[in-house]
Amino acid sequence: MITIKDIAKEAGVSVTTVSRALNGYNDVNDETRKKIQLIANELGYSPNMAARSLISKKTQTLGLLLSGITRNSTKDSIAFEILCGMNDRAGELNYDLILFSTTPQKQAAKSYKALCQERGVDGVIIMGIRLDDLYLKEIVASSLPCVLIDIPFKNSNVGYVTSDNIQGASKMTHYLIEQGHRKVALVNGHAQADVSIKRLEGYKQALQQAGIPFEEDLVLDGGFSDEGARDATYRLMSQRPDVTAIFCASDLMALGTMQALRGLGLTIPDDVSVAGFDNISISAYCSPTLTTVSQNPYEIGYQSAQMIIDMLEGRQVTKQLVLPTELLVRSSVGAPKNKR
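Residues numbered from 1 in each chain as written. Predicted model: local features only at pLDDT ≥ 70, side-chain atom pairs only at ≥ 80, totals over all residues. Heavy atoms only, no water.

Draft legend 1. Region of interest: the pattern of salt bridges. Summed over the entire model, instances satisfying the criterion amount to 14 salt bridges. One salt bridge in this structure joins Arg240 and Asp217, with 2.9 Å as the shortest N-O distance. Of this pair, Arg240 sits in the loop between α11 (226-239) and β8 (245-248) while Asp217 sits in the loop between α10 (194-209) and β7 (219-221); the two residues are 23 residues apart in sequence, bridging distant segments of the chain. Of the residues examined, Asp217 reaches a relative accessible area of 39% and is grouped as partly exposed. (Salt bridge = Lys/Arg side-chain N within 4 Å of Asp/Glu carboxyl O. Helix = DSSP H or I, 4+ residues; strand = E, 2+ residues; numbered from the N terminus. Buried < 20%, exposed > 50% of the residue type's maximum accessible area, 1.4 Å probe, protein only.)

What follows is the structure, given as C-alpha cells:
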C-alpha cells in the first residue's frame, strides 16, 4: 500500500507537507501541491479512511434516516429528488452519504443512539419522520448533530429545512377563491405530519382573509396516498355535493382525487376544480394538467447537506431554513359553473 511517506520521498518534501497538500490546506504553494498530487496519482495513492477516522474521530459520513418507506413511495418522486440534492452537495464537500430506514417496530427494538453508533456517522439528516415517532424525543435530546426535513425544531444540535407550507397553501386557496370558488375542500395528509398542520393553517388563513367561514367537514385526510385521497373524495362528494374545488395537500393525492371525480362522472375543471401541492413531474403531464404549488425538493436536500456539514465543521450557520414556494397555474382549475 502506498503511503504519504512514499509520496514525500518521491517529491523530496516532508510528510507534513504531503499531508497538508492532500488535505487542502492553503499554506502549501500551488506548484508544490500540484507536484504532490501528480506523484500521488502516479503512485496510485488512496487515503486510508479507517486510519484517518481514528485520528480525526470523524468518518466524513452522513446518515440519511428515512421513516416509513414502502413500495408505494415509488409513486412520489419527492424523496428521490431530495436524496439527489443531498448526495450532490455531500459529494462536493467530500462526505459520503449512507441510507438507513426506520419503522415503529425498529424504533421500539433499537434506540436512535445505538442505530447511529452502529453506522458510525458524524451527523444525520432525517426525513419522513412523524410527530409521534418514538425517535423524535431521542433525536432532539441527542448530542449528535442532525437536520430535520419538514419538522421545525429549535435546538443547539438540531437544524431544519422545509418549504413555506403555510404561504404555499394560502396562495393556492386564495387563487381558488379568486376564481370564484366558495366551497373549497381540503384533502390533507395526516395529523402527524407537520406539513399537514402547516398547509391546513394556510388554507384557514386564506378563507379567513376572504371572509369565508371555515367548515370542518370540508377537510378530510388522505394519508398522502392516491388511494387515501380517492376514498376521501368519494366520501366528501357524497356528503357535500356543493363543493366546487378540492385542494389536495400533495400532487399524488390530487391524482387520486381526479380519479374519484371521474368515477363519479364529473368533469375536471368544468364540474369540480382540483389543485395539488409539490409539483411532481407527472403533474405537468396528467390530463388535465395539474395546477399546483411548486416546492424545490432538490434544493431542500442540497441545503440539508450543506447545513449538517456546516454544523459538523463548526461554521456559523442559521439552523432554520424555510424555502419559498411558487403557484403554478395549469388546466385543472377553472371558474365554478355559476360564475361562468
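What follows continues from the structure just given.
Draft legend 2. Broad picture of the packing of α11 against helix α12 (residues 251-263). Relative to each other, α11 and α12 sit at 45°, their axes nearing to 7 Å. By the angle between their axes, α11 is oblique relative to α12. Note that α11 runs across α12; the crossing there is right-handed. Across the interface between the two elements, Asp226, Ala229, Arg230, Thr233, Tyr234 and Met237 from α11 touch Leu252, Met253, Gly256, Thr257, Gln259, Ala260, Leu261 and Gly263 from α12. For the contact of α11 with α12, the residue count by class is 7 nonpolar, 5 polar and 2 charged. (Axes fitted to C-alpha atoms, helices over the stretch in contact; angles between N-to-C directions. Parallel < 35°, antiparallel > 145°, perpendicular 65-115°, else oblique. Left-handed = near helix turned anticlockwise from the far one by under 90°. Contact = heavy atoms within 4.5 Å. Nonpolar A, V, L, I, M, F, W, Y, C, P; charged D, E, K, R; others polar.)

Draft legend 3. Molecular detail of the nonpolar core. By size, the foremost hydrophobic cluster in this structure holds 38 residues, and its most contacted members are Leu236, Ile246 and Phe247. Mapped by element, the contributors of at least two residues to this core are α9 (165-178), β6 (184-188), α10, β7, α11, β8, α12 and β9 (273-278). The element best represented in this core is α9, accounting for 5 residues. Excluding residues within four positions of it along the chain, Phe247 makes contact with Ala169, Met172, Thr173, Leu176, Ala185, Leu186, Val187, Ala275, Gly276 and Phe277. Counting 22 residues, the second-largest nonpolar core is a separate cluster that includes Tyr95, Ile125, Val161 and Ile308. (Core = buried A, V, L, I, M, F, W, Y, C linked by side-chain atoms within 4.5 Å.)

Draft legend 4. Broad picture of the environment of Ser19. Mapping Ser19 onto the fold places it in helix α2 (residues 15-22). Sequence-wise, Ser19 and Ile36 are 17 residues apart; in three dimensions their C-alpha atoms are separated by 9.6 Å.

Draft legend 5. Focus on the side chain of Ser332. The residue Ser332 is located in the segment after β12 (326-328) in this model. A polar contact is formed between the side chain of Ser332 and the backbone oxygen of Val274, at a distance of 2.6 Å. Apart from residues no more than four positions distant in its own chain, Ser332 is found in contact with Ile268, Pro269, Ser273, Val274, Pro288, Thr289, Leu290 and Thr291. (Polar contact = N/O pair within 3.5 Å; in protein donor to acceptor, adjacent residues only side chain to side chain.)

Draft legend 6. Focus on the sheet that holds strand β3 (residues 123-127). One open sheet holds the 6 strands; their spatial order is β2-β1-β3-β4-β5-β11, and the pairing between them is parallel. Each edge of the sheet is formed by a strand with only one pairing partner; in this case those strands are β2 (96-102) and β11 (320-323). Within this sheet the neighbouring strands show an average axis-to-axis angle of 20°, counted without direction. Two elements, β3 and strand β4 (residues 146-149), share 3 bridges in a ladder whose sense is parallel. Following the sheet pairing, Val124 is matched in β4 by Cys146. (Pairing = 2+ DSSP bridges.)

Draft legend 7. Broad picture of the packing of helix α5 (residues 78-92) against helix α13 (residues 297-312). Across the interface, α5 lies against α13 with an axial gap of 6 Å and an inter-helix angle of 40°. By the angle between their axes, α5 is oblique relative to α13. α13 is crossed by α5, and the crossing has right-handed handedness. Here Ile78, Glu81, Ile82, Cys84, Gly85, Met86, Asp88, Arg89, Ala90 and Glu92 of α5 come into contact with α13, specifically with Pro297, Tyr298, Ile300, Gly301, Tyr302, Ala305, Gln306 and Ile309. Considering only residue class, the contact of α5 with α13 consists of 11 nonpolar, 3 polar and 4 charged.

Draft legend 8. Broad picture of the packing of aromatic side chains. Taken as a whole and judged by the stated rule, the model has 3 aromatic pairs. An angle of 65° between the planes, with centres 5.8 Å apart, marks the rings of Tyr112 and Tyr135 as edge-to-face. Within this pair, whereas Tyr112 is found in helix α7 (residues 112-119), its partner Tyr135 is found in helix α8 (residues 135-141), the two being separated by 23 residues in sequence. When its relative accessible area of 1% is taken as the criterion, Tyr135 is described as buried. Against the face of Phe277 rests Arg199, its NZ or CZ located 3.7 Å from the ring centre. The ring centre of Phe214 lies 4.7 Å from the NZ or CZ of Lys204, which sits over that ring. (Phe/Tyr/Trp six-rings, centres within 6.5 Å; stacked < 30°, edge-to-face > 60°. Lys NZ or Arg CZ within 6 Å of the ring centre and 35° of its normal.)

Draft legend 9. Just the pairing of β6, in detail. Most of β6 sits inside the fold, with 5 of its 5 residues counted as buried. Where burial is concerned, the two faces of β6 agree: the one with Val184, Leu186 and Asn188 and the one with Ala185 and Val187 are both buried. Bridge analysis of β6 against β8 gives 4 bridges, and the strand direction is parallel. Bridge assignment links Val184 to a residue of β8, and that residue is Ala245. One ladder, built from 3 bridges, connects β6 with β7; its direction is parallel.

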